[in-house]
Amino acid sequence: MQDLLFNFISKYISLTEDEKEIIVSLDIFHSLKKGTTLLKEGQKSQESYFVLKGCIRTYYVLDGEEKTTAFYTEMEALTPPCVISKTPSEYFVSCTEDTILTISNKDMEVEVNTKFPKFEIMCRKLSEELLAKQQMDFDEYKTSSPEQRYLNLLQKRPDLIQRIPQHQLASYLGIKPQSLSRLRARILDKSKE
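Residues numbered from 1 in each chain as written. Predicted model: local features only at pLDDT ≥ 70, side-chain atom pairs only at ≥ 80, totals over all residues. Heavy atoms only, no water.

Student: Could you clarify how one ought to interpret the pattern of salt bridges in this entry?
Tutor: Oppositely charged side chains may form a pair once their charged atoms are brought near each other. This model, assessed by the stated rule, comprises 15 salt bridges. Note that Asp137 is salt-bridged to Lys133, the shortest N-O span being 2.8 Å. Of this pair, Asp137 and Lys133 both sit in helix H5 (residues 117-142), 4 residues apart, which is roughly one turn of the helix. Residue classification places Lys133 among the partly exposed positions, given a relative accessible area of 35%. Linking Glu147 and Arg186 is a salt bridge whose minimum nitrogen-to-oxygen distance equals 3.6 Å. Here the residue Glu147 occupies a position in helix H6 (residues 146-156), and Arg186 occupies one in helix H9 (residues 177-192), the gap between them amounting to 39 residues. With relative accessibility at 18%, the residue Glu147 sits in the buried group. Several salt bridges share partner residues, and in doing so they unite Glu74, Glu97, Asp159 and Arg163 into one network. (Salt bridge = Lys/Arg side-chain N within 4 Å of Asp/Glu carboxyl O. Helix = DSSP H or I, 4+ residues; strand = E, 2+ residues; numbered from the N terminus. Buried < 20%, exposed > 50% of the residue type's maximum accessible area, 1.4 Å probe, protein only.)

Okay, here's the thing in structure tokens:
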């Protein structure tokens, strides 16, 4: 588990053996079963997540129906907005697969950044990358049809098509599961022409 994290970190900064040992000593690695809820609507949290293996999703429950807003897979991070605003969460976070995560909190991050300032540089770069990606995803979602969203998903994140239950994928695309089935059939028919 830790090697996955260290390989990822090495893309941004180099770590000494002492730094690696400190990270391991923080006890941040967690193996969770599919279906585990990490955060519930209305709950306060100080935890940030980094997916080493598996998948987590964020979703709202509106009028009794789940509305999926995002999936986070290998080497993706999530700090729920409630952590920053110190308010109750407006959504749920759960594991859609058996998942291995690092779970950290502000105190841990401050401790590590104080001892090793280069981590702060890495975190800033990661935050900038994440913010840019989220803005592009949001713009793409707002300006595309459900079919274009599905085709974009096929192109950019084909692994999700195999990994995520159809009802969650449909919710993420902003359509009903039946509509997703028809959409897939239509795309398949077009590819045969």
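Student: Sorry if this is basic, but what is going on with the pairing of strand S5 (residues 65-72) here?
Tutor: Each regular strand shows side chains that alternate between the opposite faces of the sheet. Strand direction decides the pairing type here: strand S4 (residues 56-62) and S5, joined by 7 bridges, are antiparallel. Residue pairing across strands places Arg57 opposite Phe71, the latter belonging to S5. (Pairing = 2+ DSSP bridges.)

Student: I'm lost on helix H1 (residues 2-9) in this one. Help?
Tutor: It helps to recall that an α-helix has 3.6 residues per turn; residues three or four apart then point in one direction. Listed in full, the buried residues belonging to H1 are Leu5, Phe6, Phe8 and Ile9. End-on, the buried residues of H1 take up no more than an arc of 160 degrees, which puts them together on one face. Exposed and oriented more than 90 degrees from the buried face of H1 are Asp3 and Asn7. Tucked into the core, H1 has its buried residues touching helix H2 (17-25), strand S1 (29-32), strand S3 (47-53), strand S8 (99-105) and H5. (Arc of directions from axis to C-beta. Contact = heavy atoms within 4.5 Å.)

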